Amino acid sequence: MIGFLAKRLAQALVVLLLVSVIVFVLLHLLPGGPARAILGVQATPQAVAHFNHQQGYDRSLPQQYLMYLGRLLTGDLGESYRLNQSVGSLLAERLPRTALLAGLSLALAAVLAVPLGILQAVRRGRAADHVLTGLAFLAYATPVFFLGLVLVLVFSQQLPLLPAEAPQADTVGGILAEPAGLVLPVVTTALGIVAAFSRYLRSAVLDNLGEDYVRTARAKGQSGTRVLVRHVLRNALLPLVTLLGLYLPTLFSGTLVVESMFNYPGMGLLFWNAAQGSDFPVLLGVTLVVGVATVLGSLLADVAYAVLDPRIRSVP
Amino acid sequence: MTEPLLRIDDLHVDITTRDRTVHALDGIDLDLAPGEALGLVGESGCGKTLTALSVLGLLPAGGRITRGRILFHGTDLAAAPEPVLRGVRGHTVGMVFQDPLTSLNPTMTIGAQVAEPLRLHTRLTRAEARAKAEEMLGLVGLPRPAERMTHYPHQLSGGMRQRVAIAMALVCEPDLLIADEPTTALDVTTQHQILELVDALRARLGMALILVTHDLGVIARRVDRVAVMYGGRIAEHAPVRPLFAAPRHRYTQALFAALPERAPDPARPLATVPGRPPVLTTRPTGCRFAPRCGFATDLCRTAEPELTDGPDGGRPADRTAHTFACFHPAGPAPGADPVAEIRPPAPATAPPRADAPLLRLTDLAKSYPLHGGPFARRRGAAGISAVAGISLTVRRGETFGIVGESGCGKSTLGRLAVGLEAPTTGTVEVAGRDLATLRGGELRAHRREVQLMFQDSAAAMDPRMRVGAVLTEPLVIQGIGDRAARQRRIAGLLDDVGLPRGAVDRYPHEFSGGQRQRLGLARALALAPSLVVADEPVSALDVSVQAQILNLMRALQREKGLSYLFISHDLAVVRHVADRVGVMYLGKLVETGPAEAVFDRPLHPYTRGLLDTVRPPDPASRPLGGETPSAAAPPSGCRFRTRCAFATERCAAEPPLVGRGAGHVASCHFPLRG
């Protein structure tokens with residue numbers, strides 16, 4: 001188990017390094033560059049050259065990358081051009097908020113998707129299955145921004161039940177103190193995930209219901225419900241654990257849209273604004289955080305899978 | 001007869017799928033006394049498993065009992081509501097299924113699974129149930145049951161898992177055990193152990209048994225009575241001895257005649273049953289077997305025979321008497337060979353044979369690294385020794401049979417012989433040329449000479465390629481002929497293997513199992529090879545179809561002068577087809593020689609042990625116990641010594657080759673005399 005973990009960690013580090021290279025190169029290939037973005041179109045060539053020299057942008061790309069990596073190792077993610085704040089402190093401020101949004105959405109998605117998936121599987125081919133399948137595809141196919149707009153129009157404009165703007169408090173505690181404001185962002189983020197997870201669970205439960213061990217359990221005299229709970233569910237939920245881990249990047253792109261839509265002061269909004277203003281250090285910092293989260297997510301999924309599935313656990 | 005424990009009366013079962021209804025069971029009558037053992041035999045699709053599942057109300061989706069009663073302890077299970085059935089399942093009726101690999105829950109401990117029926121049906125506490133489960137695991141012969149309780153199914157071998165499945169079925173001490181092909185997925189020596197175990201437990205617990213199997217050899221020694229099923233009905237029903245001595249129904253007779261072990265003369269083709277079982281979407285008029293029966297008359301095609309004790313007899317009051325549903329039964333005289341009359345005549349000419357060696361394997365060894373990864377080899381990590389030092393020759397026109405249990409390395413040997421894998425050490429020579437020295441075009445040309453035939457030809461063909469494309473592909477790869485020439489060649493191949501030429505436009509899944517094996521053979525023969533390596537070519541087939549394929553392989557061998565390396569776990573089949581055989585155990589060839597010599601007078605104790613599993617019980621024999629050790633850490637010296645009754649310390653040293661002349665040799669310190 002330790003060896004397995006060490007191996008997966010080493011792989012994760014390599015992946016992260018590659019992520020940083022790719023992000024770095026991509027950003028520097030953008031036309032215009034940060035100087036124009038910061039100093040404006042009116043700036044003189046001298047000013048641009050000065051700025052580039054100051055920031056080290058006149059050196060070769062590999063050199064710049066190494067400098068960036070060196071700073072990274074000391075925990076220095078650079079300074080935001082626009083916000084006059086270190087990227088590190090920006091992230092420290094925003095990350096918990098996005099984590100809160102993503103965590104609440106995932107939890108809601110899981111709570112809804114598991115029973116829905118089971119219901120679809122058990123009622124396969126009947127009305128409930130068809131209706132839920134239809135709704136799932138609808139939710140799955142609807143873009144997040146459109147879904148958010150519809151929800152705002154209905155629940156905030158037509159029926160003034162919920163605020164259209166997310167809580168603006170500085171701390172996680174402060175945000176949680178205004179639960180009404182969280183409802184629409186969380187639901188918007190979660191609905192697509194509910195659709196995907198419930199469909200996935202439906203087929204996993206159906207697969208398992210067809211397995212021989214289910215027949216064995218019935219031959220022992222177990223009732224249908226107990227077979228489902230005691231035998232099928234654990235086997236069917238296993239692949240969902242992996243899916244949860246792999247869903248982190250999707251979740252982030254979802255929060256990016258949702259945060260800018262509801263003006264939720266998280267990492268997504270930060271990224272959105274930074275992208276508009278070519279705020280390179282911020283973009284790099286956020287991308288790196290998302291990369292780490294993605295890699296950690298799949299690592300955690302693997303570990304959880306290994307803990308839950310005895311067949312994986314005993315592999316040396 | 002005492003009051004029956006189970007009485008099935010006029011049972012009808014329909015299976016409804018989206019587009020059709022199959023009348024899968026059509027009037028089954030069966031009685032079973034307490035403590036009695038009944039065998040249900042027949043080919044796949046005849047309804048034997050459905051009959052067993054009906055008793056527990058576990059029919060597959062779409063299955064429904066439309067008529068009839070299933071009286072168990074006086075309760076009609078066919079009409080019983082689900083809660084009543086649940087009270088019976090696992091409590092008074094236990095069931096063991098075919099595949100021990102899939103019939104246990106992979107994420108539950110063995111202890112929890114065995115204790116589950118107790119928790120459902122008894123008032124035992126958790127601790128008491130676990131104690132009872134542990135006791136039961138000991139009873140079914142699981143070593144160290146206390147430790148095994150906390151293990152998961154994947155940590156056990158197939159045979160051990162089947163013991164767990166039996167423990168699960170028996171833990172509530174049922175009155176009836178239903179075993180559906182309980183040993184089909186297991187090796188012969190394991191199969192023997194499991195059947196012995198079921199016998200012993202049946203005697204000890206005084207329970208009745210329904211044993212469902214396609215294997216007539218299994219049934220012969222294990223049950224009191226047999227019901228032979230065909231097309232959803234019982235064709236013949238008799239106590240086991242009379243049935244085996246003189247089968248009366250022409251179907252039973254044909255089934256026996258197709259068995260390779262009943263063939264008196266290996267030089268003659270096996271009797272086959274042409275055609276296929278009926279599809280039961282409509283109730284056939286007349287005898288269901290009539291379309292495949294050589295004795296059928298107009299009467300058979302118009303009237304349906306009932307179970308009687310003679311052509312003019314009525315139905316005897318004793319429901320356990322010998323009855324059969326046939327208008328033209330075989331003669332009742334035991335002793336006379338009832339199958340001789342339907343056996344085809346021997347071919348006129350003997351097979352041509354030369355002594356020139358075609359395939360020569362020298363000191364062939366193959367091991368696989370136990371741990372994957374790019375550095376496994378350099379680390380010198382432990383390996384699986386799949387094939388360890390095998391030398392043998394296959395002559396032109398000869399069939400060399402390789403027998404052994406799963407994991408003995410016989411399939412690896414086949415792949416090495418074809419050149420699909422490179423040996424770790426040793427050489428493979430075909431027609432005098434070392435495979436390892438061939439490169440590029442030469443190697444490709446060589447591949448024509450040696451072709452493979454698989455157990456499951458459907459899985460070995462691209463499901464999205466039409467048969468024509470499947471058969472043409474080897475010709476295209478080898479650049480043989482133009483389009484027209486290839487088409488002629490394929491038409492010829494289909495003629496050879498007895499398939500209609502129209503088959504080229506169809507897909508592999510549209511064919512039956514036997515037809516697919518014919519396709520597999522046709523593909524192997526497309527390049528006119530001199531050697532075909534056939535890896536378990538008939539293991540997935542029913543006996544009647546198996547006989548067709550074996551006859552076909554033999555006929556083509558005579559016609560084309562082919563050699564076969566015939567790999568199988570089935571001793572009777574190998575004995576029938578092979579001129580010479582090699583017996584493999586854990587990567588080594590323990591014995592080789594002419595087929596008759598090896599089977600009649602084995603030298604190696606392992607060969608003897610294998611043969612004992614298919615022979616009538618002999619007090620002098622010592623059946624094989626234990627399980628094959630892991631190939632990752634094989635025993636030193638003789639690899640069989642851990643299971644051998646004769647083994648001493650000397651066996652830890654490499655065993656010598658001992659011979660009895662005529663090429664019959666074994667590697668053993670203590671060869672058998674006989």
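- The name given to chain B in an unreviewed UniProt entry is ABC transporter ATP-binding protein, with Streptomyces nigrescens as the source organism.
- Of the comments in the UniProt record for chain B, the one headed Subcellular location (unreviewed entry) reads "Cell membrane".

- Chain A has the name Diguanylate cyclase in an unreviewed UniProt entry, where Streptomyces nigrescens is given as its organism.
- Under the UniProt heading Sequence similarities (unreviewed entry), the note attached to chain A is "Belongs to the binding-protein-dependent transport system permease family."
- What the UniProt record of chain A gives under Subcellular location (unreviewed entry) is the line "Cell membrane".

## Focus: the overall build of chain B
Alright, step 1. Helix and strand counts for chain B stand at 20 helices and 23 strands.
Alright, step 2. A globule of 674 residues ought to have a C-alpha radius of gyration of about 26 Å, and chain B, at 26 Å, matches this closely.
Alright, step 3. Each principal axis of the C-alpha atoms in chain B carries an extent, and together these give about 75 × 65 × 50 Å.
Alright, step 4. Within chain B, contacts between residues at least 6 apart in sequence are counted, and of these 67% link residues at least 24 apart.

## Quick notes on the overall build of chain A
Alright, step 1. For chain A, the count of helices and strands is 15 helices and zero strands.
Alright, step 2. Among the 316 residues that make up chain A, the fraction classed as buried is 31%.
Alright, step 3. A fraction of 69% describes how many contacts in chain A between residues 6 or more apart in sequence connect residues 24 or more apart.

## Side note on the interface of chain B and chain A
Alright, step 1. In this complex, chain B contributes 24 residues to the contact, which on the side of chain A involves 19 residues.
Alright, step 2. Of all elements in the fold, only α2 (82–88) and α3 (110–121) of chain B reach the threshold of two or more residues within the side of chain B that touches chain A.
Alright, step 3. No other element matches the four residues that α3(B) contributes to the side of chain B that touches chain A.
Alright, step 4. Of the residues assigned to the side of chain B that touches chain A, the class counts are ten nonpolar, ten polar and four charged.

## Side note on helix α14 (residues 467–477) of chain B
Residue and element names in this part refer to chain B.
Alright, step 1. For α14, the full list of buried residues reads Val467, Val470, Leu471 and Thr472.
Alright, step 2. Check the buried side of α14 and you find it contacts α15 (483–497) and α16 (513–525).
Alright, step 3. Just past α14, the residue Gly479 takes up positive phi, approximately 65°.

## What to know about the sheet that holds strand β21 (residues 588–594) of chain B
Residue and element names in this part refer to chain B.
Alright, step 1. What the eight strands build is an open sheet, ordered β17-β18-β19-β14-β20-β21-β23-β22; its pairing is mixed. The open sheet is flanked by β17 (450–453) and β22 (657–659), the only strands paired with a single partner. Each neighbouring strand pair of the sheet contributes to a mean axis angle of 20°, computed without reference to strand direction.
Alright, step 2. Sheet topology note: the β17/strand β18 (residues 531–535) ladder contains four bridges and is parallel. Residue pairing across strands places Met453 opposite Ala534, the latter belonging to β18.
Alright, step 3. Where α16 meets the sheet, it contacts β17 and β18, and its direction lies at approximately 170° from that of β17.

## Overview of the packing of helix α7 (residues 144–158) of chain A against helix α12 (residues 248–262) of chain A
All names here are of chain A.
Alright, step 1. Look at α7 against α12: their axes get within 9 Å of each other, and the N-to-C directions meet at 35°. At the point where α7 passes α12, the crossing takes the right-handed sense. Along the contact surface, α7 presents Val144, Phe145 and Gly148, while α12 presents Gly254, Val257, Val258 and Met261.
Alright, step 2. Taken together, the residues of the contact of α7 with α12 sort by class into five nonpolar, two polar and no charged.

## Details of the pairing of strand β8 (residues 208–213) of chain B
Residues and elements named next belong to chain B.
Alright, step 1. Within β8, six of the six residues are buried, which leaves it mostly tucked inside the rest of the structure.
Alright, step 2. Side-chain alternation along β8 places Ala208, Ile210 and Val212 on one buried face and Leu209, Leu211 and Thr213 on a second face that is also buried.
Alright, step 3. Read as a crossover between parallel neighbours, the route from strand β7 (residues 176–180) over helix α7 (residues 188–205) to β8 is right-handed.

## Examining the nonpolar core
Alright, step 1. Within the largest apolar cluster, 241 residues are counted, with the highest numbers of intra-cluster contacts made by Val114(B), Ala167(B), Ile210(B), Ala258(B), Ala417(B), Leu565(B) and Phe566(B).
Alright, step 2. Beyond its immediate sequence surroundings of up to four residues, Ala258(B) is in contact with Leu270(B), Ala271(B), Thr272(B), Val273(B), Val543(B), Ser544(B) and Ala547(B).

## Some words on the domain arrangement of chain B
Residue and element names in this part refer to chain B.
Alright, step 1. Each domain of chain B was delimited in the assignment, giving domain 1 (6–223), domain 2 (357–578) and domain 3 (583–667).
Alright, step 2. The straight-line distance from the C-alpha centre of domain 1 to that of domain 3 is 34 Å.
Alright, step 3. Taken together, the eight residues of domain 1 in the interface contact nine residues of domain 3.
Alright, step 4. Every element with two or more residues in the side of domain 1 that touches domain 3 is listed here: α7 and α8 (216–222).
Alright, step 5. A total of four residues in the side of domain 1 that touches domain 3 trace back to one element, the largest contributor, which is α7.
Alright, step 6. A per-class count over the side of domain 1 that touches domain 3 returns one nonpolar, six polar and one charged.

## Regarding the sheet that holds strand β11 (residues 323–324) of chain B
Residues and elements named next belong to chain B.
Alright, step 1. In space, the seven strands of this open sheet follow the order β6-β7-β8-β3-β9-β10-β11, with mixed pairing throughout. Looking at strand neighbours, the two that pair on one side only are β6 (93–96) and β11, the edges of this open sheet.
Alright, step 2. As defined by bridge partners, strand β3 (residues 37–41) adjoins strand β9 (residues 225–230) across four bridges and the pair is classed as parallel. Its bridge partner lying in β9, Leu38 is registered against Arg225.

## Topic: the UniProt feature "transmembrane region" (unreviewed entry) in chain A
Residue and element names in this part refer to chain A.
Alright, step 1. According to UniProt, the "transmembrane region" (unreviewed entry) feature falls on residues 12–30, 99–119, 131–155, 175–197, 236–262 and 282–308.
Alright, step 2. Helix makes up 91% of residues 175–197 and strand 0%, with an end-to-end C-alpha separation of 27 Å.
Alright, step 3. Counting secondary structure, residues 282–308 comes out at 100% helix and 0% strand; the distance between its end C-alpha atoms is 38 Å.

## Some thoughts on α7(B)
Residue and element names in this part refer to chain B.
Alright, step 1. In a regular helix each residue adds 1.5 Å, so 18 residues correspond to 26 Å; α7 covers 25 Å between its end C-alpha atoms and thus fits that length.
Alright, step 2. Here α7 has its buried residues at Val188, Thr189, Thr190, Gln191, His192, Gln193, Ile194, Leu195, Val198 and Leu201.
Alright, step 3. Looking at the buried positions of α7, the neighbouring elements they touch are α6 (158–170), β7, β8, α8 and α20 (605–612).
Alright, step 4. A positive phi of about 65° marks Gly206, the residue just after α7.

## Remarks on the UniProt feature "domain: ABC transmembrane type-1" (unreviewed entry) in chain A
Alright, step 1. What UniProt calls "domain: ABC transmembrane type-1" (unreviewed entry) maps, in this numbering, to residues 95–301 of chain A.
Alright, step 2. End C-alpha to end C-alpha, residues 95–301 of chain A measures 21 Å, and it is 83% helix and 0% strand.

## Some points on the environment of His192(B)
All names here are of chain B.
Alright, step 1. Checked against the element boundaries, His192 lands in helix α7.
Alright, step 2. In this structure His192 comes out as buried when scored by C-beta crowding, with 22 C-beta atoms within 10 Å.
Alright, step 3. Sequence separation between His192 and Gly389 is 197 residues, and the spatial gap between their C-alpha atoms is 29 Å.

## Quick look at the UniProt feature "domain: ABC transporter" (unreviewed entry) in chain B
Alright, step 1. UniProt marks residues 6–256 and 359–611 of chain B with the feature "domain: ABC transporter" (unreviewed entry), using the numbering shown here.
Alright, step 2. Annotated as residues 6–256 of chain B, this span is 39% helix and 27% strand, and its ends, taken at the C-alpha atoms, are 28 Å apart.

## Quick word on the environment of Val658(B)
All names here are of chain B.
Alright, step 1. Turning to its location among the elements, Val658 is positioned in strand β22.
Alright, step 2. Separated by 613 residues in sequence, Val658 and Gly45 place their C-alpha atoms 47 Å apart.
Alright, step 3. Setting aside anything within four residues of it in sequence, one finds Val658 in contact with Leu603, Val665, Ala666, Cys668 and Pro671.

## Structural notes on unusual backbone geometry
All names here are of chain B.
Alright, step 1. Phi at Asp10 takes a positive value of approximately 50°, unusual for a residue other than glycine.
Alright, step 2. Within the secondary structure, Asp10 sits in strand β1 (residues 6–16).
Alright, step 3. Looking at Asp10, the number of C-beta atoms within 10 Å reads 12, which means it is exposed.
Alright, step 4. The phi dihedral of Leu586 is positive, around 50°, even though this residue is not glycine.
Alright, step 5. Tracing the backbone through its elements, the reader meets Leu586 in the loop between β20 (580–585) and β21.

## Some points on the environment of Leu494(B)
All names here are of chain B.
Alright, step 1. Tracing the sequence through the fold places Leu494 in helix α15.
Alright, step 2. Owing to 21 C-beta atoms within 10 Å, Leu494 belongs among the buried residues under this scheme.
Alright, step 3. Expressed as a C-alpha distance, the spacing of Leu494 and Ser568, which sit 74 residues apart in the sequence, is 25 Å.

Rules of the game
- Residues numbered from 1 in each chain as written.
- Chains lettered and ligands numbered in written order.
- Predicted model: local features only at pLDDT ≥ 70, side-chain atom pairs only at ≥ 80, totals over all residues.
- UniProt positions renumbered as here; feature names shortened; annotations may be inferred.
- Helix = DSSP H or I, 4+ residues; strand = E, 2+ residues; numbered from the N terminus.
- Rg over C-alpha atoms; globule rule 2.2 N^0.38 Å.
- Contact = placed C-beta atoms within 7 Å.
- Buried ≥ 20, exposed ≤ 12 C-beta atoms within 10 Å, placed from the backbone.
- Nonpolar A, V, L, I, M, F, W, Y, C, P; charged D, E, K, R; others polar.
- Pairing = 2+ DSSP bridges.
- Axes fitted to C-alpha atoms, helices over the stretch in contact; angles between N-to-C directions.
- Left-handed = near helix turned anticlockwise from the far one by under 90°.
- Right-handed = clockwise from strand over helix to strand, strands pointing away.
- Core = buried A, V, L, I, M, F, W, Y, C linked by C-beta atoms within 7 Å.
- Domains from an automatic or database assignment.
- Expected span 1.5 Å × (residues − 1).

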